[in-house]
Amino acid sequence: MLLAEGRANLAGLLGMSADGLAFVESASAGLVALLRAWPLPLGARVGVVASEWGPNLQVMRWHGLEPVELTVAPDGRIDLEALARALASSPPSLVHLTQVASHRGLVQPVAEALALCRAAGVPLWVDAAQALGHVDAATGADAVYATSRKWLAGPRGVGILGVAEPWWDRLRVEQPLLPVGERPIVHWLDSHEANVAGRIGLCAAVREHLALGPAAVIDRLAEVGRTTRAALTGLRDWRIVEAGAGAG
């Protein structure tokens, strides 16, 4: 079945099990669904960095959470040594990173941050809206959400949400009163008003991405980024900062 194949392919790109991936309406809807399903107390502190996407912060605050800024290096990426100290001295309830910024070529070291968070028992959530199809998004993060319509060049109206298996038991998911068959708990986070045509379009886009070869796509986009930065070097009023391996 095309949708089952697409779910598995997308989960693979995120480094997750297909049972841990849900289809939602957008990346933003993925964050909202995650906040509804993953119980956090009012006032829970969420570690973020200064480049965090504004609407994400707005949604967190609307759900009663308190974003707190984590220290970053001069290039804007999270300072891993400072993160380790923060996790040891005053750990937040979770850390949230936007893997690739939407406004500049900034790629966060998610895998390295995840290792520190995991050692401290703090979950790491990742906004991969600008990362999926652009850089390696298979970070193994505890939760990750993304969209169809950016680097995968899929249709609007579709997004994905993934939750790593160790956290499935934590989720509070609304299920129908009448039995409708066994489903993985994360699949109950699928949007109820399904944009099936959009999901099929996303699955087709992922097929094309896999046919091209994700590694080849990532390498080519990184080459575009290097070429662009080289062309801008030396221009008046421009400052070029190496802050990742993306196309920006």
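Before any of the text, the structure's been laid out above.
Fair warning: this is a prediction, and the values are worked out from it, not measured in the lab.

Participant: Sorry, what's going on with the packing of aromatic side chains here?
Facilitator: Enumeration according to the criterion identifies 2 aromatic pairs in this entry. Seen from their ring centres, Trp-38 and Trp-125 are 5.2 Å apart, and the 65° between their planes marks the pair as edge-to-face. With a gap of 87 residues between them, Trp-38 in the loop between helix H2 (27-37) and strand S2 (45-48) and Trp-125 in strand S5 (residues 124-127) connect regions that are remote in the sequence. Its relative accessible area of 1% is what places Trp-125 among the buried residues. One cation-aromatic arrangement involves Arg-183 over Trp-188; the distance from NZ or CZ to the ring centre is 4.6 Å.

Participant: I keep staring at the packing of helix H1 (residues 2-14) against helix H6 (residues 196-212) and nothing clicks. Help me out?
Facilitator: The angle between the axes and the distance between the axes are what describe a pair of packed helices. It is at 9 Å that the axes of H1 and H6 come closest, and there the two elements cross at 55°. Taken together, H1 and H6 sit at an angle that is classed as oblique. Note that H1 runs across H6; the crossing there is left-handed. Counting all contacts with H1, which are made through Leu-2, Leu-3, Glu-5, Gly-6, Asn-9, Leu-10 and Leu-13, the residues of H6 involved are Val-196, Arg-199, Ile-200, Leu-202, Cys-203, Val-206, Arg-207, His-209 and Leu-210. Class assignment for the residues of the contact of H1 with H6 results in 10 nonpolar, 3 polar and 3 charged.

Participant: What's the story with H6 in this structure? I'm lost.
Facilitator: Because an α-helix packs 3.6 residues into every turn, residues spaced three or four apart end up facing the same way. Taking 1.5 Å of rise per residue, the 17 residues of H6 would be expected to cover 24 Å, and the 25 Å separating its terminal C-alpha atoms lies within 8% of that figure. Taken as a whole, H6 has its buried residues at Gly-198, Arg-199, Leu-202, Cys-203, Ala-205, Val-206 and His-209. Summarising the axial view, the buried residues of H6 lie within an arc of 160°, below the 170-degree limit, and thus occupy one face. In H6, the exposed positions that point more than 90 degrees away from the buried face belong to Ala-197, Glu-208 and Ala-211. In this structure, the buried residues of H6 make contact with H1, strand S1 (21-24), strand S7 (159-163) and helix H7 (214-232).

Participant: Would you mind going over the environment of Val-107 with me for this structure?
Facilitator: One can find Val-107 in the loop between strand S4 (94-98) and helix H5 (110-120). Looking at Val-107, the relative accessible area reads 12%, which means it is buried. Along the primary structure Val-107 and Ala-245 are separated by 138 residues, whereas in three dimensions their C-alpha atoms are 6.9 Å apart.

Participant: Help me understand the side chain of His-209, please; the structure alone is not making it clear to me.
Facilitator: Within the fold, His-209 resides in helix H6. Overall, the relative accessible area of 8% leaves His-209 in the buried class.

Participant: Please explain the nonpolar core as it appears in this structure.
Facilitator: Note that soluble globular proteins tend to have their nonpolar side chains buried in a common cluster. Formed by 38 residues in total, the largest nonpolar core has its most connected members in Leu-10, Val-95, Leu-132 and Ile-160. Of all the secondary structure elements, the ones that give two or more residues to this core are H1, S1, helix H4 (80-89), S4, H5, S5, strand S6 (143-147) and H6. Considering every element that reaches this core, the biggest residue donor is H1, with 5 residues. The contact partners of Leu-10, leaving out residues within four places of it in the chain, are Leu-21, Phe-23, Leu-132, Leu-152, Ile-160, Leu-202 and Val-206. Leu-57, Trp-125, Val-163 and Trp-167 belong to the second-largest nonpolar core, a separate cluster that totals 31 residues.

Participant: When you look at the sheet that holds S5 in this model, what are you seeing that I'm missing?
Facilitator: Across a sheet, paired strands are connected by hydrogen bonds in the backbone, their directions being either parallel or antiparallel. Taken in spatial order, the 7 strands make up an open sheet running S1-S7-S6-S5-S4-S2-S3, and their pairing is mixed. Strands at the two margins of the open sheet, each flanked by one partner only, are S1 and strand S3 (66-69). Going from strand to strand, the sheet's axes swing by 20° on average, the running direction of each strand aside. Summarising the sheet, S2 and S4 pair through 2 bridges and their orientation is parallel. Across the sheet, Gly-47 pairs through a bridge with Val-95, a residue of S4.

About the thresholds
- Residues numbered from 1 in each chain as written.
- Predicted model: local features only at pLDDT ≥ 70, side-chain atom pairs only at ≥ 80, totals over all residues.
- Heavy atoms only, no water.
- Phe/Tyr/Trp six-rings, centres within 6.5 Å; stacked < 30°, edge-to-face > 60°.
- Helix = DSSP H or I, 4+ residues; strand = E, 2+ residues; numbered from the N terminus.
- Buried < 20%, exposed > 50% of the residue type's maximum accessible area, 1.4 Å probe, protein only.
- Lys NZ or Arg CZ within 6 Å of the ring centre and 35° of its normal.
- Axes fitted to C-alpha atoms, helices over the stretch in contact; angles between N-to-C directions.
- Parallel < 35°, antiparallel > 145°, perpendicular 65-115°, else oblique.
- Left-handed = near helix turned anticlockwise from the far one by under 90°.
- Contact = heavy atoms within 4.5 Å.
- Nonpolar A, V, L, I, M, F, W, Y, C, P; charged D, E, K, R; others polar.
- Expected span 1.5 Å × (residues − 1).
- Arc of directions from axis to C-beta.
- Core = buried A, V, L, I, M, F, W, Y, C linked by side-chain atoms within 4.5 Å.
- Pairing = 2+ DSSP bridges.

Taken by themselves, the reported measurements are silent on function.
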